Amino acid sequence: MQSQPEHITCLIIGSGPAGYTAAIYAARADLKPVLYTGLTPGGQLTETTEVDNFPGYPKGITGPILMEDLKAQAERFGTQVRFGMVTEADLNANPKRIWVDETTEITADTVVISTGASAKWLGLENETRLRMNAGGVSACAVCDGFFFKGLDVAIVGAGDTAAEEATYLSKLCKKVYMIVRRGEGEMRASKAMQHRVMNTPNIEILWDSETSDVLGKETVEGVIVKNSKTGESKTLNVTGFFVAIGHKPNTDIFKGQLTMDDLGYLQVVPGSSKTNIDGVFAVGDCADKTYRQAVTAAGSGCMGALDAERYLASAGVH
Ligand code: NDP
């Protein structure tokens, strides 16, 4: 049983680029930040291979090394990085009350939420295996499309993300198969995006289609697609498989306290990281359904720390 909860000036929840960047800035401002990593230290980037679009790495860098570097940079200025999952929060309390791993209570003057979002996957066994082995299964065309230059790929999904990513891939790849589970005319993407996809010659839309399996031992060698109307199956000879069936922001524990949109993305005052609760800031993918890039997450992490610093100064706490 804890007697007195530990008190923290600046608590950062989440260990992706947004969280670590917030930590770098908060530590340098002497806010003595404590960062809880969540269950996947390093976040989504630890599941990718090469990151070629993060500025400052002309030869590229792997996702795991980038995250180790960001962690080391945050620790260099005194951030305490702790493994643990924030499981409950009372953000309206003063100071804010947070529970880690359901047991440890802490209090905080400011909270920077950088809990990220998780890509949804189909859940096929080979999809998971090849994704984990960096074998050509990806949820981010902007990140990984480049590796399939001049090759054939498939993408599953029919929302704006899938349409946008299919268009992006069509500029790099020879052919893009778009696997849509609904019938023609029922695509979820906006009309403008649908038109763009349909008018791109090297995108072939497979309507009423479901992915039954991803083939390949080390890397993707094909995808089996079944037409739900005719029952027929066929193999697409592709070397890349992109999944764009939506993301889920990791914000469930803040429901009822923080303003979020209908998908669960935290809403902030435009041009800032301020949420509807004073002293609570949201940065990175948990508050961004549009860009979702490591560099935009890092940029917003910086904003979160600066907003926290200014809040503490105006409240006379720091
Ligand atoms: P959405 O939830 O809008 O779309 C997900 C798509 O994936 C749907 O077509 C859905 O099919 C399909 N899907 C879901 N599960 C499966 C499955 N198991 N098998 C096959 N297909 C599946 O997600 P998005 O990421 O596309 O978009 C999220 C939000 O972000 C939306 O509000 C979107 O408008 C917005 N956005 C805006 C952009 C812009 O304005 N430039 C760019 C990107 C996103 P079904 O339709 O059958 O349910």
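Each chain carries its own residue numbering, running from 1 in the direction its sequence is written. pLDDT decides what is reported in this predicted model: residues at 70 or higher carry local features, side-chain atom pairs at 80 or more are listed and counted, and totals for whole chains, interfaces and linings draw on all residues regardless. Hydrogens and waters are ignored; side-chain quantities use all the structure's heavy atoms.

> Please clarify how the site of the ligand should be interpreted in this entry.
By convention in these notes, a residue is near a molecule or strand provided one of its non-hydrogen atoms lies within 4 Å of it. Neighbouring the ligand are 16 residues, the closest being Asp160, Thr161, Arg181, Arg182 and Arg188. In this structure, a nitrogen atom belonging to the ligand sits 2.9 Å away from a side-chain N or O atom of glutamate 164. Measuring from an oxygen atom of the ligand, one finds a side-chain N or O atom of arginine 182 at 2.8 Å. Computed by Shrake-Rupley with a 1.4 Å probe, the accessible areas treat only the displayed protein chains as cover when residues are assessed. Isolated, the ligand exposes 910 Å² of accessible area, and the fraction of that covered by the protein chains is 73%. In the analysis that follows, any N or O atom pair within 3.5 Å is treated as a polar contact, provided that within protein one partner can donate a hydrogen and the other can accept it, and provided that, for residues neighboring in sequence, both atoms belong to side chains.

> Would you explain the domain arrangement of the protein chain in this entry?
Reports often express the size of an interface as the amount of accessible area lost when the parts come together. For the protein chain, the domain assignment lists domain 1 (6–118 + 247–315) and domain 2 (121–243). Annotation comment: domain bounds sourced from an automatic or database domain assignment. Here the C-alpha centre of domain 2 lies 31 Å away from the C-alpha centre of domain 1. Domain 1 puts eight residues into the contact, and the matching count from domain 2 is ten residues. Two parts placed together each lose some accessible area under a 1.4 Å probe, and adding up what both lose gives the buried area. The contact between domain 1 and domain 2 buries some 700 Å² in all, and 48% of this surface belongs to carbon and sulfur atoms. The term salt bridge refers to a pairing of a side-chain nitrogen on Lys or Arg with a carboxyl oxygen on Asp or Glu at a separation within 4 Å. Between the two partners, domain 1 and domain 2, sit zero salt bridges. At the surface where domain 1 touches domain 2, the tally comes to one residue pair in polar contact (both at pLDDT 80 or more). What makes two residues a contact is simply this: any of their non-hydrogen atoms within 4.5 Å.

> Would you explain the sheet that holds strand β14 (residues 209–215) in this entry?
Within a sheet, each strand pairs with its neighbour through backbone hydrogen bonds, oriented either parallel or antiparallel. Across the sheet, which stays open at both edges, the three strands sit in the order β14-β15-β16 with antiparallel pairing between neighbours. Of all strands in the sheet, those with a lone pairing partner are β14 and β16 (233–236), marking the two edges. With strand direction ignored, the average angle separating the axes of adjacent strands in the sheet is 25 degrees. For two strands to be treated as a pair, DSSP must find at least two bridges joining them. Secondary structure elements are taken from DSSP: a helix is a run of H or I of four residues or more, a strand is a run of E of two residues or more, and numbering for both begins at the N terminus. Whenever a helix is involved, its axis is fitted only over the stretch in contact; in every case the axis is a line through C-alpha atoms, and angles between N-to-C directions fall within 0 to 180 degrees.

> Help me understand helix α2 (residues 63–76), please; the structure alone is not making it clear to me.
Since the α-helix turns once every 3.6 residues, residues separated by three or four places project in the same direction. The terminal C-alpha atoms of α2 lie 20 Å apart, and with 14 residues this matches the ideal 20 Å at 1.5 Å per residue to within 8%. Only protein chains enter the accessibility calculation, which uses a 1.4 Å probe; a residue is then buried when its area is under 20% of its type maximum, exposed when over 50%, and partly exposed in between. Residues Gly63, Leu66, Met67, Leu70 and Ala74 constitute the buried set of α2. Along the axis of α2, the buried residues cluster in a sector spanning 95 degrees; they form a single face. Elements in contact with the buried residues of α2: α1 (17–28), β3 (50–51) and β4 (61–62). One or two positions beyond α2, positive phi appears at glycine 78, with a value near 105 degrees. To estimate the expected span of a helix, count its residues, drop one, and scale the result by 1.5 Å. It is the directions from the helix axis to the C-beta atoms that the arc portrays.

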